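The residues making up each chain are set out below.
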Amino acid sequence: MKRVIAMVCLLAAPAGAQDFSQGSEAKSWNLYAEQPARFEAQVVDMLCLLSGDCPDNCGDGRRQLGLLRAADNVLVYPNKNSIPAFTGATVELLPFCGQAVEVDGLMIDDPDLGAKNIYLVQKIRAKGDADWIKANRWTKEWAKAHPEAKGKGPWFRRDPRVKAEIAREGYLGLGTEVDEPFIKELFE
Amino acid sequence: MFLTRSCGALGLMAGVLTAGGSFAAEGTRIQVTGEIIDTWCYYSGVMGGPDAVRGSAHHTCALWCSAGGIPVGLLGDDGEVYMVLKIAGDDGSASGDTQLHLASHEITADGMVYERDGIKYLVVSEVVADNDITNLNHDDYGPVPSFAIPNPNK
């Protein structure tokens, strides 16, 4: 009987993928496979959800966070925040750990590359809140965490861990001895 | 009436079971060899085609993205991208040290794979082999993006 009910429920469900672009105010990044997408979701710790390994507060920012979409229970992966500066979405979503939210941004579904449910979040608000919060806190939080790296230029030129990796392995990751002739030829 | 109530109950149950993350998905043991990649550049095409956003050409950008908290993936020899959630006890999948050290490296990983909604997720229990960077494509593409290496003459 339960199996019959489940099958009937599946058949009764709306056919095809839902359109989440309605009402979206997402700005284009001119990406090949981008689609505006605004939807309600729960912010979840992905490792917890998938494997059952669940620390407090979604891992306090160490872990990637997901968006469990309310309309269809699909787990969306926010890879990116709204800053064009090599920055992810965890810092933006962590204040909403476990909460119901609404997000607006760009969805990437590109079958040629295997991309599905990959998301760039541009703004977020707790469900029911009137005001949106822009998903652009990352660099401010980085600056607070790295006062020793204060200076001119973008964060990625000043980040202590990135600088240490480049100092040890070079820009190509193959050793500074490989970098030297390559850079010389590149800028001749 | 009975059917509507039953469907509603099943839907509610699905929501409750997933909300707290207390009912985990079933994983499959896997050993896979591939390259640790920056998934946003790979999936979005923002820096160019998929072959250009890998290897030594893209190494500096891969460091930036990993440090910046963009998810890393393992592009397996099977052509699949496995989104990495944990590496050998380090759950720092958002800007963690272990994944930063492995940027652009070819590794063999042993662990559990979980598949959900079209994405494969990898929890690495052990890095069986770390072969460093084997994809030497900087002569083909130059630095990607072009400003990855600053001009020493300026």
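Basis of the calculations
- Every chain is numbered independently, its residues counted from 1 as its sequence is written.
- The lettering of chains begins at A and the numbering of ligands begins at 1, in the order of writing.
- Local features are withheld for residues below a pLDDT of 70 in this predicted model, meaning they are given only at 70 or higher, and side-chain atom pairs are given and counted only at 80 or more; totals for whole chains, interfaces and linings count all residues.
- Put simply, DSSP H or I for four residues or longer makes a helix, DSSP E for two residues or longer makes a strand, and each gets a number counted from the N terminus.
- Exposure in this text rests on C-beta crowding, where 20 or more other C-beta atoms within 10 Å of a residue's own make it buried, 12 or fewer make it exposed, and counts in between make it partly exposed. The C-beta atoms are placed from the backbone.
- We call two residues in contact if the C-beta atoms placed from their backbones are at most 7 Å apart.
- Throughout, the ten residues Ala, Val, Leu, Ile, Met, Phe, Trp, Tyr, Cys and Pro are labelled nonpolar, Asp, Glu, Lys and Arg are labelled charged, and all others, Gly among them, are labelled polar.
- How sure the predictor is of each residue is captured by pLDDT, a score from 0 to 100.
- Two strands pair if DSSP finds at least two bridges between them.
- Simply put, an axis is a line fit to the C-alpha atoms, just over the touching stretch for a helix, and the angle between two N-to-C directions goes from 0 to 180 degrees.

K.L.:
Please clarify how the overall build of chain B should be interpreted in this entry.
P.N.:
Along its length, chain B carries five helices and five strands. What you see in chain B, going N to C, is helices and strands ordered as α-β-α-α-β-β-α-β-β-α. Residues classed as buried in chain B amount to 47% of the 154 residues present. Sequence separation of at least 24 residues holds for 70% of the intrachain contacts in chain B that already meet a minimum separation of 6.

K.L.:
It is not clear to me how the interface of chain B and chain A should be interpreted in this structure. Could you clarify?
P.N.:
Many descriptions give the size of an interface as the accessible area lost when the pieces come together. Across the boundary between the two partners, chain B contributes 58 residues, which contact 57 residues of chain A. Of all the elements in the fold, those that place two or more residues in the side of chain B that touches chain A are α1 (2-19), α2 (39-44), α3 (59-67), β3 (81-87), β4 (106-116) and β5 (119-130) of chain B. Of all the elements, α1(B) adds the most residues to the side of chain B that touches chain A, at seven residues. Along the lines of polarity and charge, the residues of the side of chain B that touches chain A split into 32 nonpolar, 21 polar and five charged.

K.L.:
What's the story with the confidence of the model for chain B in this structure? I'm lost.
P.N.:
On average, residues of chain B carry a pLDDT of 88, and 84% of them reach 70 or more. Predicted confidence for residues 1-22 of chain B stays below pLDDT 50, and this span has 19 contacts to residues more than four positions away or in other chains.

K.L.:
Whenever I open this one, the environment of A:Met46 confuses me. Can you help?
P.N.:
The residue A:Met46 is located in helix α2 (residues 46-51) in this model. Sequence separation of A:Met46 and A:Glu34 is 12 residues, and the distance between their C-alpha atoms is 23 Å.

K.L.:
Hey, could you run me through the sheet that holds β4(B) in this one?
P.N.:
Backbone hydrogen bonds are what pair the strands of a sheet, in a parallel or an antiparallel way. All names here are of chain B. Read around the barrel, five strands follow the order β1-β2-β3-β5-β4 and close on themselves; strand pairing throughout is mixed. Each strand of the sheet is rotated relative to its neighbour by a mean of 55°, with strand direction disregarded. Across three bridges, strand β2 (residues 72-76) lies against β3 in antiparallel orientation. For Leu74, the partnering residue across the bridge sits in β3 and is Tyr82.

K.L.:
Even after reading the chapter, I still don't get unusual backbone geometry, so can you show me in this structure?
P.N.:
With glycine set apart, most residues show a phi of negative sign, and most peptide bonds adopt trans. Each neighbour pair has its own omega, and for B:Val144 with B:Pro145 the value is 0°, a cis peptide bond. With respect to the helices, strands and loops of the structure, B:Pro145 is situated in the segment after α5 (138-141). Even without being glycine, A:Asn57 reaches a positive phi, approximately 50°. Checked against the element boundaries, A:Asn57 lands in the loop between α2 and β2 (65-69).

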